[in-house]
Amino acid sequence: MNRPAILPSARSTETAVERYYRLHARIYDLTRWTFLFGRSAILRRALGSPPPQRVLEVGCGTGRNLVELGRLLPPAQLTGLDLSEAMLARARRRTAPLGERVTLVRHRYDAPVAPKSGYDLVLFSYALTMFNPGFEAAIEAAARDLAPGGRIAVVDFHDTRWRWFSRWMGVNHVRMDAQLRPLLRRRFTPVVDEVQAAYGGAWQYLLFVGRA
C-alpha cells in the first residue's frame, strides 16, 4: 500500500537519527529483538557459494550482525558504516575480539565507498526504511560497490495495514509503505524475494537477496 510521504531534508534526517540513537543505543540490543525479525535468516541466506570474503554492512548499529558474520565467515574482512557515533562506540566494543578483520566508519552512504575493489556482499539490516530521503541513493551505491557476482542482502520493514502503526513508526524515523521492494527488483536479479508476516499480520517485513 503506497502512501504519499512528506520527507525531511537529508541533513535534518541525519541529525534526527543521531539524536534518536544517542538516547536508544544503551537499550537497543535489549529491546529490538522483539520486532526486528529475520536478521539471522538473512545472514544465512545471503552467503552463497563461494562465501563472501569482503562484506559491507550499511547501518551496522551495535555490531550484532558483524559479530555473527565473523563467526559464519572466519576469513572475511568486514566493514561497518553507521551515522550514529553512539551506536558505533558499542559496535567497537562488541567487535573488538575480531581485531583487524573489522573496520568501523561513521559515514553517510549516498555514494559507493569501494567501487574499484568491490564487496562480495552489501548488507542492509533494518536500515533502508530509515533513509528518508536517501534509500534510492543507498541502493544505487550498493550496486556500484558490489564486485562482479556480488550480492545485496536486505531485511527490513515492508508494510502495514494499520495507518496508526505506520504513523507511530514514522515518529521513530521509519517509513514503511512497501517502497523498497520494487526498486530492489528492478536493480538486482532476485535470489531471495519474500515478504513475511509479523505478529499475526500486524505488519510485514521483507527478505531480499539479489545479484548485481
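Residues numbered from 1 in each chain as written. Predicted model: local features only at pLDDT ≥ 70, side-chain atom pairs only at ≥ 80, totals over all residues. Heavy atoms only, no water.

### Looking at the overall build of the protein
Worth spelling out the cut-off: The helix and strand labels rest on DSSP assignments: H or I over at least four residues marks a helix, E over at least two residues marks a strand, and numbering proceeds from the N terminus. Think of it in three bands: with a 1.4 Å probe and only protein chains considered, a residue is buried below 20% of the maximum accessible area for its type, exposed above 50%, and partly exposed in between. Contacts between residues were defined by any pair of non-hydrogen atoms, one from each residue, lying within 4.5 Å. Each accessible area is a Shrake-Rupley estimate made with a 1.4 Å probe; only the visible protein chains count as cover when residues are assessed.
Per the secondary structure count, the protein includes eight helices and seven strands. Split into buried and exposed, the 212 residues of the protein put 52% on the buried side. Taking contacts inside the protein between residues at least 6 apart in sequence as the whole, the part at least 24 apart equals 71%. As displayed, the protein offers around 10300 Å² of accessible surface, 55% of which is attributable to carbon and sulfur atoms.

### Description of the nonpolar core
This is how the line gets drawn: Only buried residues count toward a nonpolar core. Its members are Ala, Val, Leu, Ile, Met, Phe, Trp, Tyr and Cys residues joined through side-chain atoms within 4.5 Å.
Judged by nonpolar contacts, the single largest core of 34 residues is most densely connected at Ile 42, Leu 69, Leu 78, Leu 104, Ala 153 and Phe 157. At four residues, strand β7 (residues 203–211) tops the list of elements feeding residues into this core. Each residue touching Leu 104, except ones within four places of it in the same chain, is listed here: Cys 60, Leu 66, Gly 80, Leu 88, Ala 91, Arg 92 and Thr 95. Membership of the second largest hydrophobic core comes to 26 residues, among which are Val 122, Ala 141, Leu 180 and Phe 208.

### A short note on the packing of aromatic side chains
The test is simple: What counts as a ring pair is set by centres within 6.5 Å for rings of Phe, Tyr and Trp (its six-membered ring), and what kind of pair is set by the plane angle: stacked under 30 degrees, edge-to-face over 60, tilted for all other angles.
Per the stated rule, a full pass over the model turns up ten aromatic pairs. When the ring of Phe 37 is compared with that of Trp 203, the centres are 6.2 Å apart and the planes differ by 25°; the resulting orientation is stacked. Taken as a pair, Phe 37 in the loop between α2 (28–31) and α3 (39–46) and Trp 203 in strand β7 lie far apart in primary sequence, 166 residues in all. Through a chain of ring-to-ring contacts, the aromatic side chains of Phe 37, Tyr 126, Phe 157, Trp 164, Phe 165, Trp 168, Tyr 199, Trp 203 and Tyr 205 assemble into a single cluster.

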